[in-house]
Amino acid sequence: MINKILIANRGEIAVRVMRSCREMGIRSVAVYSEADRKSMHVRYADEAYFIGPSPSNESYLVIDKIIDAAKKSGAQAIHPGYGFLSENAAFSQRCKDEGIIFIGPSPEVISVMGDKISARQRMMASGVPVVPGTKDNITSDEMALEVVMKVGLPVMVKASAGGGGKGMRLVKKEADIVQAVKAAKSEAMASFGDDAVYVEKYIESPHHIEFQVLGDSHGNVIHLCERECSVQRRHQKVVEESPSPLMTPELRKEMGEKAVAAAAAVNYTGAGTIEFLVDNDHNFYFLEMNTRLQVEHPITERVVGIDLVKEQIRIARGEKLNHKQEDIVQSGHAIECRIYAEDPSNNFMPSPGLIKHITEPLGLGVRTDGYVYEGYEIPIYYDPMISKLIVHGNTREEAIKRMKRALYEYKITGVKTSIKFLERIMEADDFVNGKYDTHFIENNEEFLMEMDTCDETCEDIALITALVDYLDKMGKSETTVPAHSTSSEYWKNFGRRKAILRW
Amino acid sequence: MINKILIANRGEIAVRVMRSCREMGIRSVAVYSEADRKSMHVRYADEAYFIGPSPSNESYLVIDKIIDAAKKSGAQAIHPGYGFLSENAAFSQRCKDEGIIFIGPSPEVISVMGDKISARQRMMASGVPVVPGTKDNITSDEMALEVVMKVGLPVMVKASAGGGGKGMRLVKKEADIVQAVKAAKSEAMASFGDDAVYVEKYIESPHHIEFQVLGDSHGNVIHLCERECSVQRRHQKVVEESPSPLMTPELRKEMGEKAVAAAAAVNYTGAGTIEFLVDNDHNFYFLEMNTRLQVEHPITERVVGIDLVKEQIRIARGEKLNHKQEDIVQSGHAIECRIYAEDPSNNFMPSPGLIKHITEPLGLGVRTDGYVYEGYEIPIYYDPMISKLIVHGNTREEAIKRMKRALYEYKITGVKTSIKFLERIMEADDFVNGKYDTHFIENNEEFLMEMDTCDETCEDIALITALVDYLDKMGKSETTVPAHSTSSEYWKNFGRRKAILRW
Amino acid sequence: MQNNISLQINVDSREANLKLLSREGNQVHVLVDDEEYKLDICQVEQGVYSIIRNGKSYNVELIEGDSKKKYIVNTYRNSYDLEIVDAESRFMKNRNKSMGDESANTISSPMPGKVVKIPVKVGDEVTQGQPVIIISAMKMESEYKAPRDGIVSEICVAEGDTIDGKQPLVILE
Amino acid sequence: MQNNISLQINVDSREANLKLLSREGNQVHVLVDDEEYKLDICQVEQGVYSIIRNGKSYNVELIEGDSKKKYIVNTYRNSYDLEIVDAESRFMKNRNKSMGDESANTISSPMPGKVVKIPVKVGDEVTQGQPVIIISAMKMESEYKAPRDGIVSEICVAEGDTIDGKQPLVILE
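Predicted model only: the values in this text are computed from it and were never measured. (Residues numbered from 1 in each chain as written. Chains lettered and ligands numbered in written order. Predicted model: local features only at pLDDT ≥ 70, side-chain atom pairs only at ≥ 80, totals over all residues. Heavy atoms only, no water.)

## Quick word on the sheet that holds strand β8 (residues 197–201) of chain A
One key point about sheets: their strands pair by backbone hydrogen bonds, in either a parallel or an antiparallel sense.
Residue and element names in this part refer to chain A.
Thinking step 1. Spatially, β7-β6-β8 is the arrangement adopted by the three strands of the open sheet, whose pairing is antiparallel. The sheet is open, and its two borders are formed by β7 (169–171) and β8, each paired with just one other strand. Recorded for the sheet is a direction-independent mean angle of 25 degrees between the axes of neighbouring strands.
Thinking step 2. Running over the sheet, helix α8 (residues 177–192) touches β6 (155–159), β7 and β8 and is turned about 25 degrees from β6. (Pairing = 2+ DSSP bridges. Helix = DSSP H or I, 4+ residues; strand = E, 2+ residues; numbered from the N terminus. Axes fitted to C-alpha atoms, helices over the stretch in contact; angles between N-to-C directions. Contact = heavy atoms within 4.5 Å.)

This is the structure in structure tokens:
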């Protein structure tokens, strides 16, 4: 019996988990750092415990503090959300040791799937396709040529310790391989102090497509179809949709079966995601598994009609899955846009600060999962995501138009946001036509970054607004009677009402 | 081609219509009275025209002014919303005469269905069941007895000019009919100066169930299933749901066919609603037809997955219906609660005023259709409805729990609202069990009106909050440095931030 | 730091004594009558407070009433009308008492609206329960009745006037 | 009523002259350079204006910048940084000009954050483009570089400090 859950997270995901708890009659317990006393998850929860200073390695990442709060509150289970401790095997183990239910997979599963090499081996053993190549260090020219022979050109040479594109070389001709390995090794050594590199097949026009899976503790595993996540900037997802425009019923069936096989291979329990790379010819390769809820889970919730957090909790309670594979159908089309506090015109620099005004989109087919409110100051310590905007339409076309409508309604002042950038994505031909891969943003950079233009009227109206505001402000600070008092009853009332509002 | 639509309405419905216009790439034109300069529909629209003083009979009900604004703006069509001119045959006719598309049925259809007697006759002629009895004045004892013989007991004697329960008599025994007619006539004469009364079958445990219909100009008519609207207070709907807990597939099929027959009988075009009275034995009777969009249309939109405003516009453009009857299925369960600015503890007295603070519910399965915002003053001239809260769940049980969660999140201060009253409805056994009829609110009055109790702690916390606020307020007005400055950096920052927020 | 401030707050018939024992940042220590409270309290939005006590999270909304000393305070389940009583308000109250209770003579409407009809005129004798003014707001008309027998001494508004909530409309002698 | 008030407002390189010809309630009549505007303008929320001009409805949001005379103004499609210029600001500007432009010597961050690393010390010679301070905010680190060759004359913050946006961090001689 679970009647109280501690949510070891903050921001929108903490609030989102608490919503489902409330609908299930389960009490929710928040934990918060110094910077988060006023955060929405603290206000929303039934209980709240302070866990230390603002930097997450002194609060949200400290296992002892989370466990301590769980014990104080008497919570029987912990939901880790995403990020923070959600894929930390030691945390899952510690919960187990303390007799607290961890809402997620076992420590063993997190370990196996958390390591790229062990995950790859497990997948190969279970017949799930992986990107052809090797993860072994290339120690000789012969070895490099052997891999090229096996997987076929083009290939990518990558640094084992790598990241950020350093130590990477694309090889299209066999003649170039030896030189590429040499160059990559030297760059890897310079960048990471480690010259280990490996060779992998290079996937052209790659699509990032992932499958949501659910597994219960009775051995049942199903998938809830795919999410298309190819709109990425610096490997960060920006827009996701379900179904994928690339998908066919045959490919969905095949990939879904492999996703289920992947999860079943590790006796997966809970909600998880199998990420694949897919090329334009519908070849697909296992990329990694996320053993937690994804940021973009709401689009799946909307098209298959399942509350994933509720399913996670039911599975954690030891219940059998509510649904059979054949019951799962996607209905209509859902798109999610991630709204970040960042400045697209200044290299997407994060923009923490005080929310001075916010209007969230509402109405038919629109879901907003956020956590900021008017007067809230977005802290500098955490992720810049403000909220997620999820829309649903009967068709992809309707969903795109609805997203544009919702973005139009979304107004945030005080911090810079990615809203206008997202509007441009919704208007980009490649996106509208559903013909895009992970190169979408770089391929369309010029269009996406183009400053919106406006005729001079628009600018003049901005000037006049500032003039009126400035005169009123000056008038107010000099006299108690507004300088602009006129015979109009409405204008007078406005002053009076504003005074009331401002007490 | 329609690329600009004037919305001859205000409040939530005007904004709701504009949202669909925006998604269709159609420009929207608002009209506004003096009291509505700051209303959301004016802010949301692409264009806005002033149409006169605040009382609706000097603005929103003045056909000339609406037509004038339509011409000025160049709108090709007018959407009337609900209320105001939406069921005014003269307005529909005037639009026709002016060459403006009226988004609704023809003047003839509005006239026929707007008159109770002609509508009843048309329905009888089309084989749609009506409440047995007569609408003719009872002029003799024999005539009264004759009706009783024909329709069976119990019967209701009603004043033709009646309303508000005056001149009404319930008759359960044949012996009482003559006396009842006499008494009703005398009361009717006293109340309305007209002693005409008629006799109708009395429906026990009546359910108010209505069917949404759509008809195109090519003769196609379909229904979009039912809405259960029996939770009423003084004949005002309070909560609606779809499907109806009373419904069976057989009854739905039968009533749906009659609803389609009713609409087809008048060659109905556009969206309309056939209201029925249904008793516990599944006998049903035509009550009236609403020849416009209903307040509660969103629950149908959610369960059948159709945007009704878009359908209205498509039909007005002369397009054929997008859907066939066999494509229409209800998926899951939707509930709508109407949020009013009223004081349930003071006889539901309207409570206009300034919205000081508002937090709207968000997240999975929740739709809010509203129009007020922080700092908005609800005018005294119009309907006290603030917004509609629509939730969807896979089951009725989930929908009720989600509604409770959403009502919990909904915070409005400054005006009294019906939110707590709606929460009690969601908790009432009769509602939870789906066993209710139009007597629900009176039958459960005691439970619904019960003041929520709270232990003393709750009251003490309220007192302490007031204390803290009062001391801060006093401190602020006396010194520039907050009186409560302490060593805590957070507290100091709070003061600073608030100062920024309040410029 | 504000320490040892005492105030009386009235809510319904209760006259509660509050004593602020200490306040350090968000942490307040208060005595309400004989009950001690240690709370973490902070204003998160204008008029909205978040309170944590013994791990429990409370949300309290607060609106100023007719005066700076009056509040409407909403907790999740309840709404309270509070009045802060200090020396000044005690003096005013006593003075009002000695002048007799004005309010029993005044007919007013709790809500803003429009005067539809005033079926009485100054000097009219009215009996308890007799309608003296009809106000319309949001398409609903409400009759306001004489609270006792008496003579109409003043009519403060005219038919067709727009009125604010709680303003005096008709006064009996 | 405020009539015939004139002000200069700068936006980017444009120096616009605004003249308020008349204002009656929501109705304003303004000359912007040579263009006449008659608008219905009203503040609907704090910092949010609704404007109607020739039947078109505009929504404009406005935030005060670093000073009372600076605004960030958002129309639907664009965002403008405006500065209102009056006698006082002209004087300040001229004085600053004669004192030389300070800003070219100062390295600052546009956003609040935490100082991760300062790889230089006072007296160090730096070359244009050399990183002088690294700031972290929201899990992202940004390097700020010397705008020109020079010598570090002052370091205003220490590693580990939390900083506000736009405060001076490192100053070159």
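There is more to say after this.
## Some words on the interface of chain B and chain A
Thinking step 1. Contacts between chain B and chain A engage 44 residues on the former and 44 residues on the latter.
Thinking step 2. Summed over both partners, the interface of chain B with chain A comes to about 4,200 Å²; 52% of that surface belongs to carbon and sulfur atoms.
Thinking step 3. Here chain B is connected to chain A by ten salt bridges.
Thinking step 4. With a closest N to O distance of 3.2 Å, Arg402 of chain A and Asp307 of chain B form a salt bridge.
Thinking step 5. Taken together, chain B and chain A are joined by 20 residue pairs in polar contact (both at pLDDT 80 or more).
Thinking step 6. Secondary-structure elements contributing two or more residues to the side of chain B that touches chain A are α1 (11–23), α10 (297–304), β19 (366–370), α12 (396–409) and α18 (489–501) of chain B.
Thinking step 7. With six residues, the top contributor of residues to the side of chain B that touches chain A is α12 of chain B.
Thinking step 8. Along the lines of polarity and charge, the residues of the side of chain B that touches chain A split into 14 nonpolar, six polar and 24 charged. (Buried area = accessible area lost by both parts, 1.4 Å probe. Salt bridge = Lys/Arg side-chain N within 4 Å of Asp/Glu carboxyl O. Polar contact = N/O pair within 3.5 Å; in protein donor to acceptor, adjacent residues only side chain to side chain. Nonpolar A, V, L, I, M, F, W, Y, C, P; charged D, E, K, R; others polar.)

## Focus: the relation of the copies chain B and chain A
Thinking step 1. Turning chain B through 180 degrees and shifting it by 0.0 Å along the axis lays it on chain A, with an RMSD of 0.1 Å. Each copy turns onto its partner about a two-fold axis.
Thinking step 2. The fraction of interface residues of chain B whose copies in chain A are also interface residues reaches 100%, indicating that both copies meet through the same surface. (Least-squares fit on C-alpha atoms with pLDDT ≥ 70 in both.)

## So, the confidence of the model for chain A
The predicted coordinates of low-pLDDT regions are not to be read in fine detail.
Thinking step 1. Looking at chain A, the pLDDT average stands at 91 and 93% of residues meet or exceed 70.
Thinking step 2. Scored below 50 in pLDDT, residues 477–503 of chain A shows 50 contacts in the model against residues more than four places distant or in partner chains. (pLDDT = per-residue confidence, 0-100.)

## Quick look at the sheet that holds strand β14 (residues 150–155) of chain C
Thinking step 1. Pairing in this open sheet of four strands is antiparallel, and the strands run β9-β16-β14-β11 (chain C) from one edge to the other. Of all the strands in the sheet, the pair left with one neighbour each is β9 (106–108) and β11 (125–126) of chain C.

## Overview of the domain arrangement of chain A
Many structure descriptions define interface size as the accessible area lost when the parts assemble.
All names here are of chain A.
Thinking step 1. Under the domain assignment, chain A is made up of domain 1 (4–103), domain 2 (132–201), domain 3 (204–331), domain 4 (341–450) and domain 5 (457–498).
Thinking step 2. The straight-line distance from the C-alpha centre of domain 3 to that of domain 4 is 23 Å.
Thinking step 3. Carbon and sulfur atoms make up 61% of the area that domain 3 and domain 4 hide from each other, which totals about 1,900 Å².
Thinking step 4. Across the contact surface, domain 3 and domain 4 share two salt bridges.
Thinking step 5. Note that Arg367 is salt-bridged to Glu301, the shortest N-O span being 2.7 Å.
Thinking step 6. Between domain 3 and domain 4 we count ten residue pairs in polar contact (both at pLDDT 80 or more) in total.
Thinking step 7. For the side of domain 3 that touches domain 4, the secondary-structure elements that each account for two or more residues are β9 (207–215), β10 (221–233), β11 (236–242) and α10 (297–304).
Thinking step 8. The element best represented in the side of domain 3 that touches domain 4 is α10, accounting for six residues.
Thinking step 9. Class assignment for the residues of the side of domain 3 that touches domain 4 results in nine nonpolar, seven polar and six charged. (Domains from an automatic or database assignment.)

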